[in-house]
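A look at the structure
Next come the chains, spelled out residue by residue.
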Amino acid sequence: MPLFEYECTICRSNVDESLKQIEKNVTKKAVSDLVKKYDNINHIVVVDLEKEEVVAEHGKRDEDCVDLNFYLNEGTILTFFNLQKNYRFSELIYEPSDEKKIKCPLCETKKVEKVVSSFAFTSDLCTDMPKPDLSGLPPSVRKNTRLGGYIEEKDRPKKNR
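As the structure is a computational prediction, the values presented were derived from the model and not from experiment. (Residues numbered from 1 in each chain as written. Predicted model: local features only at pLDDT ≥ 70, side-chain atom pairs only at ≥ 80, totals over all residues. Heavy atoms only, no water.)

**Thoughts on the overall build of the protein chain**
Stated formally: Strands here mean DSSP runs of E at least two residues long; helices mean DSSP runs of H or I at least four residues long; both are numbered from the N terminus. Note on classification: 1.4 Å probe, protein chains only; a residue is buried when its accessible area is under 20% of the maximum for its type, exposed when over 50%, partly exposed between these limits. For the area figures, the Shrake-Rupley method with a 1.4 Å probe applies, and any residue is considered shielded solely by the protein chains shown.
The helix and strand tally for the protein chain stands at 3 helices and 7 strands. Across the 161 residues in the protein chain, those meeting the buried criterion constitute 33%. If you sum the accessible surface of the protein chain, you get close to 11,100 Å²; carbon and sulfur atoms cover 50% of it.

Structural data, given as structure tokens:
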């Protein structure tokens, strides 16, 4: 039973289009229009990391929904999206014909595409934890970012417990 990951092209394009609009024009009205325009977006918050202030915010955040964040303008703008469901989802495929029946759990469209699973390519995470590359972030953002090397007890190899 292989587990595959898929993305709904429609729900993903809603987020992609929103990011393009926010990158061009970050205003309260623009953010408000985006939340009203796209059904899968509940709430958007745009934060200027250099000034440490909220630039625009609209919608109601639902704690039971999915939160995604994206950096814009070379890491100086952080955009939080609260989505009803993530546009990326996993499905178990028993037979090749099952793949033709896959639908987006939110909008129920069959316009989905198989994506490379980051989980499938990650080696033993308890000993070789991947770290993000911070070199592309502006110095003001980089200096406020801290990455720890702590590995939880349950994730440590038995010989190190």
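**Describing the environment of Ser140**
Within the secondary structure layout, Ser140 lies in helix H3 (residues 139–142). Counting along the chain gives 89 residues from Ser140 to Lys51, while the straight-line C-alpha distance between them is 9.9 Å.

**Section: the environment of Leu106**
By secondary structure assignment, the location of Leu106 is in the loop between strand S6 (88–92) and strand S7 (112–115). The spacing of Leu106 and Gln84 is 22 residues in sequence and 7.5 Å in space, taken between C-alpha atoms.

**Brief notes about the packing of aromatic side chains**
Cut-off, in case you're wondering: The aromatic pairing rule takes the rings of Phe, Tyr and Trp, using the six-membered ring of Trp, and pairs them if the centres are within 6.5 Å, calling planes under 30 degrees apart stacked, those over 60 edge-to-face and the rest tilted.
The final tally for this structure, using the stated rule, is 2 aromatic pairs. Note on Phe70 and Phe81: the rings are 5.7 Å apart at their centroids and 80° apart in plane angle, and the pair reads as edge-to-face. Residue Phe70 is found in strand S4 (residues 66–72), and its partner Phe81 is found in strand S5 (residues 77–83); the two are separated by 11 residues along the sequence. Among the residues examined, Phe81 registers a relative accessible area of 1% and is labelled buried.

**Observations concerning the sheet that holds strand S2 (residues 41–48)**
Threshold: A pair of strands is considered paired only if DSSP assigns at least 2 bridges between the two. For every element, the axis is a line fit to its C-alpha atoms; helices are fit only across the contacting stretch, and the angle between N-to-C directions ranges from 0 to 180 degrees. In what follows, residue pairs with any heavy atoms lying within 4.5 Å of each other are defined as contacts.
Spatially, 4 strands are ordered S3-S2-S5-S4 in an open sheet, and the strand pairing comes out antiparallel. Both outer strands of the open sheet, strand S3 (53–59) and S4, are each paired with one neighbouring strand and no more. Looking at each pair of strands side by side, their axes are set apart by 15° on average, direction ignored. Where helix H1 (residues 9–24) meets the sheet, its contacts fall on S2, S4 and S5, and the angle it forms with S5 comes to roughly 150°. Helix-sheet contacts for helix H2 (residues 28–37) involve S2 and S3, and the interaxial angle to S3 is about 30°.

**Focus: the sheet that holds strand S1 (residues 3–8)**
If you trace the 3 strands from one edge of the open sheet to the other, you get S6-S1-S7, paired in antiparallel fashion. Each edge of the open sheet carries a strand with a single partner, namely S6 and S7. Direction aside, neighbouring strands of the sheet carry axes that sit 40° apart on average. Relative to S6, S1 runs antiparallel, the two being bridged by 5 bridges. Across the sheet, residue Glu7 finds its bridge partner in S6, namely Arg88. The sheet contacts of H1 involve S1 and S7, and relative to S1 the element is tilted by about 55°.

**Thoughts on a nonpolar patch on the surface**
The criterion, for reference: Exposure above 30% relative accessible area and the lack of any salt bridge qualify a residue for a patch; like charges then connect within 9 Å, and the nonpolar side chains Val, Leu, Ile, Met, Phe, Trp and Tyr within 5 Å. By salt bridge we mean one thing: a side-chain nitrogen of Lys or Arg within 4 Å of a carboxyl oxygen of Asp or Glu.
Among the surface-exposed residues, Leu3, Leu92 and Tyr94 lie close enough to one another that they form a single nonpolar patch of about 330 Å² accessible area. Note that Leu92 resides in strand S6.

**A word on the environment of Glu57**
Put simply, the rule reads: Polar contact criterion, stated in full: a pair of N or O atoms within 3.5 Å, where within protein one must be able to donate a hydrogen and the other to accept it, and residues adjacent in sequence count only if both atoms are side-chain atoms.
Within the secondary structure layout, Glu57 lies in strand S3. Residue classification places Glu57 among the partly exposed positions, given a relative accessible area of 44%. Sequence-distant contacts of Glu57, that is, excluding residues within four places in its chain, are made with Val31, His43, Ile44 and Val45. Of the polar contacts made by the side chain of Glu57, one reaches the side chain of His43; its length is 3.0 Å.

As far as function goes, none of this settles anything; it's purely spatial.
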